[in-house]
Amino acid sequence: MEFYKYMQEFSPVAAANLKRVAIGLCEVAPGIAIRGVVTLKPIAKGEEILCIPYELALNLGREGNDPTLPAYTLQQEICKKDSNKQSYLNLLPKFNGSDMLGSTDFFSENALEALQYPPMVRETIERRNRTTARFERDVEPMLHISPELFSYQNNEVTQRHLQWCVWLITSRVLTVQGSAESNEAYRLMIPLLDMCNHDRSSPHILSGRAVPGGLLKVVAGKNLEAGEQVNICYGGGVAGNDRFLQDYGFLDDFNGSTNKEEAYDIVARQVLGLHQAQPQQGASMIMSFSDRNAILEALQGSSVEEDEVLLLELKDDEENEDVKAAVRFRIGVKKALERCRRAS
C-alpha cells in the first residue's frame, strides 16, 4: 500500500506505528464491516497506540465557525498533482460515496422535511449557502484563470466537490491546541488517527499539540489484544445525534453501540432545556426557546407508531436512504423525549 510506504519513508516515528496497528475491515454489526484501525499486537493500558508526527498532519488553519475556508484549502491540496500527501488523500472517503451522502448536507428536500427538526434544516441550508458563496468567490474565478489548479480526476471541480470537502472537514478534522504560550487551536487532518472509528465508550486518550516537532498520540485507556479495533470517541462525548447526522453522516445508534440511546438523550435534553447544545458551526451554547418550541411542534407531525410503519415501508427502498435516516432520527428523538420526561 502506497500509504504504508509513505509512513515508512517519512520518519522512524511514523513507521513505528505500522508495527502496532494496520488498516483493516472491522465488523460494526452482523454482516456489516467498515474500514478502521486494528492492533497487530497486544498493547497495554498507558502505552501508545498511535504516535503521529505533527509534520505528517495536514494543517488547515486556525479553528473557526466556517468550514468552507479549510474546505477550500483541502480542495486545493486534493487537486495538486504533486502533493506529498497524495497517498493519504487517496484514502479519504470518495466523492459521491455512501459515507458522504449520509450527511444532511446531501439530503433531499423530502429528507430534510422528514427530520422534523427545524434547526438542523436551517443549519444545513446555511452551510450549503456558505459553500455556494465560497465556490463563487474563490473557486469559480480560478477555473477561468488556472483551471489546472482545480481539476479532480481529470475533470473540472464543481460546487459539489467543494461540498464534499466541507463534509470531509466536519467529519474528519480534529481541533488541536497550538503552543502552550498561545490560545490558538488548529484544524488538523491526521493520517491513520482519523481512520479510527467511533465508540462513545472508548477509554483511549488523545494528546499532543500542533507545533513543529510535536507528536499527536492515541494512548491506550485499557489493555488491547492483537486484532482488536481501535476506536475513539467523536464529538468529545457530548455530541448528540443531531451533530452526528449533520457532521459525520451517520447516527450513533448502530447495533455495535454500547449505549444506543445516549446520543438521542443528549438531543432530548437540549430540546427540553435540560442540557446545553453542542456548539458547532456557529451554533449557540443554549438552544433558544423558539427553536425548542419549533422542534416540539414539528415532532407532533407524526407518532412514533406511524414513523415505525413508514420506516418498515422504506426498508428496501435504496433510493431514499436519506429519508430512512431522517425517520430513524425523529423516532429516536421522540423516544428519548419520553424517557427524559419520565425521568424528570
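Read on for a plain summary of the structure. (Residues numbered from 1 in each chain as written. Predicted model: local features only at pLDDT ≥ 70, side-chain atom pairs only at ≥ 80, totals over all residues. Heavy atoms only, no water.)

1. Focus: the sheet that holds strand S7 (residues 174-177)
Moving on, step 1. Within the open sheet, the 3 strands sit side by side as S4-S8-S7. Their pairing is antiparallel. The open sheet has two edge strands with one neighbour each: strand S4 (58-62) and S7. Sheet twist, expressed as the average angle between the axes of neighbouring strands with direction ignored, equals 35°.
Moving on, step 2. Sheet topology note: the S7/strand S8 (residues 185-189) ladder contains 4 bridges and is antiparallel. (Pairing = 2+ DSSP bridges. Helix = DSSP H or I, 4+ residues; strand = E, 2+ residues; numbered from the N terminus. Axes fitted to C-alpha atoms, helices over the stretch in contact; angles between N-to-C directions.)

2. Some words on the packing of helix H7 (residues 118-145) against helix H11 (residues 289-299)
Moving on, step 1. Look at H7 against H11: their axes get within 8 Å of each other, and the N-to-C directions meet at 110°. As far as their axial angle goes, H11 and H7 are roughly perpendicular. Each of Pro118, Pro119 and Arg122 in H7 lies in contact with H11, whose residues at this interface are Asp291, Ala294, Ile295 and Ala298. (Parallel < 35°, antiparallel > 145°, perpendicular 65-115°, else oblique. Contact = heavy atoms within 4.5 Å.)

3. So, the packing of aromatic side chains
Moving on, step 1. With the rule as written, the count across this model stands at 14 aromatic pairs.
Moving on, step 2. When the centroid spacing of 6.1 Å and the interplanar angle of 70° are considered together, the rings of Tyr6 and Phe10 count as edge-to-face. You can see Tyr6 and its partner Phe10 sitting in helix H1 (residues 2-10), 4 residues apart, about one turn around the helix.
Moving on, step 3. Between Phe95 and Trp164 the ring centres are 5.6 Å apart and the planes differ by 65°, which places this aromatic pair in the edge-to-face class. (Phe/Tyr/Trp six-rings, centres within 6.5 Å; stacked < 30°, edge-to-face > 60°.)

4. Details of the nonpolar core
Soluble globular proteins tend to pack their nonpolar side chains together in the buried interior.
Moving on, step 1. By size, the foremost hydrophobic cluster in this structure holds 62 residues, and its most contacted members are Phe3, Ile49, Leu74, Ile78 and Leu188.
Moving on, step 2. Per-element tally for this core: the top contributor is helix H8 (residues 159-172), with 7 residues.
Moving on, step 3. Residues Tyr117, Met120, Leu245 and Met287 belong to the second largest nonpolar core, which totals 28 residues. (Core = buried A, V, L, I, M, F, W, Y, C linked by side-chain atoms within 4.5 Å. Buried < 20%, exposed > 50% of the residue type's maximum accessible area, 1.4 Å probe, protein only.)

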